[in-house]
Amino acid sequence: MSLPDLDDLIAEVDRTCDTAHRPGGQEQPDWLALLTTAAHLAGRLQALADDLVEDYVEHCRMHGCSWTDIGAALGVTRQAVQQRFHAPHKRYGPETMSEDLRRAMTHVKRAAVQHRNNYIGTEHLLWGLTEEDNSATRLLENAGVSPETVHRAVADRLTLGASQAAERIAWTPYSRKAIALAEARSEQAGAAHIDCADLLVGLAGVGRGVAATVLADAGFDLAAAEEHAPNDEPNKITPVA
């Protein structure tokens, strides 16, 4: 995997900044517009880098590494790394989930274990949601998307790892964001539990990660799903920018 260099990033800023080049053939571009676009791109890259480091810090903690050792690996003090990463993540237990979502989560964990992955990524979540009929697969159908097609597409993205630890599997940052969005949707609808459709919308709403890519490639559109949602499904879908 090759990372973009500075020239690549400058070209991306120039390509995506619609207002950079003023009409009338003026020599000087709109440097402030370019700066704004560059800052936005840098923020996205920084957020992605932070998610990457946070994911591995969580795995280190889960497998017994001390805060002192983690700090040394990152070149900072134990106090500094604790202040940055020690905020506890909210845990979503079975009691917060509908019966259908609890059943889907057994498929999710099975996918991670069978592929020897020591994490639950958005790809595992989407695979589990589309393993059998539930509110998520019905929401896909209502939006004109085949659940079977999505299931096959995400299965192709599952990669074989080397983990032997099946009892404790950490959620990646994108997966945690998806379940948080799912909980917010459930609460907005006044439901007592998070359901499969809520998590599907959360995966699409994160906007990044394997699941969001697969859903976008399949043509899943949140607005279309909301418009065609049946009466027995929560009609509270809010796209996330």
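Residues numbered from 1 in each chain as written. Predicted model: local features only at pLDDT ≥ 70, side-chain atom pairs only at ≥ 80, totals over all residues. Heavy atoms only, no water.

J.: I'm lost on unusual backbone geometry in this one. Help?
T.: Of all residues except glycine, most have a negative phi; of all peptide bonds, most are trans. Backbone geometry places Arg116, a non-glycine residue, at a positive phi of 55°. Its location among the elements puts Arg116 in the loop between helix H5 (99–114) and strand E1 (119–120). (Helix = DSSP H or I, 4+ residues; strand = E, 2+ residues; numbered from the N terminus.)

J.: Sorry, what's going on with the confidence of the model for the chain here?
T.: Low pLDDT marks regions whose predicted coordinates should not be analysed in detail. Averaged over every residue, the pLDDT of the chain is 85; residues scoring 70 or more account for 86%. When mean pLDDT is compared element by element in the chain, helix H6 (residues 122–129) scores highest at 97, while helix H12 (residues 222–227) scores lowest at 71. (pLDDT = per-residue confidence, 0-100.)

J.: Can you walk me through the environment of Thr213 in this structure?
T.: You can see Thr213 is positioned in helix H11 (residues 210–218). Of note is the side chain of Thr213, whose polar atom sits 3.1 Å from the backbone oxygen of Gly209. (Polar contact = N/O pair within 3.5 Å; in protein donor to acceptor, adjacent residues only side chain to side chain.)

J.: Is there a simple way to explain the nonpolar core in this structure?
T.: Soluble, globular proteins show a tendency: their nonpolar side chains are buried together. With 41 residues, the main nonpolar core has Leu101, Leu126, Leu129, Leu200 and Phe220 as its most contacted residues. Elements that contribute at least two residues to this core include exactly H5, H6, helix H7 (135–142), helix H8 (147–155), helix H9 (173–188), helix H10 (196–206), H11 and H12. When residues in this core are grouped by element, the largest group, 7 residues, is from H10. Excluding anything up to four places from it in sequence, Leu129 contacts Leu101, Ala104, Asn134, Ala136, Thr137, Cys196, Leu199, Leu200 and Leu203. By size, the runner-up hydrophobic cluster in this structure holds 6 residues, among which are Cys17, Ala20, Ala33 and Leu34. (Core = buried A, V, L, I, M, F, W, Y, C linked by side-chain atoms within 4.5 Å. Buried < 20%, exposed > 50% of the residue type's maximum accessible area, 1.4 Å probe, protein only. Contact = heavy atoms within 4.5 Å.)

J.: Explanation requested: the pattern of salt bridges in the structure shown.
T.: Any two side chains of opposite charge can pair, given that their charged atoms come close. Enumeration according to the criterion identifies 12 salt bridges in this entry. Among the ionic pairs, Arg15 bridges to Glu12, the shortest N-O distance being 2.9 Å. Of the two residues, Arg15 and Glu12 both sit in helix H1 (residues 6–16), 3 residues apart, roughly one turn of that helix. Note that Arg110 is salt-bridged to Glu131, the shortest N-O span being 3.7 Å. (Salt bridge = Lys/Arg side-chain N within 4 Å of Asp/Glu carboxyl O.)

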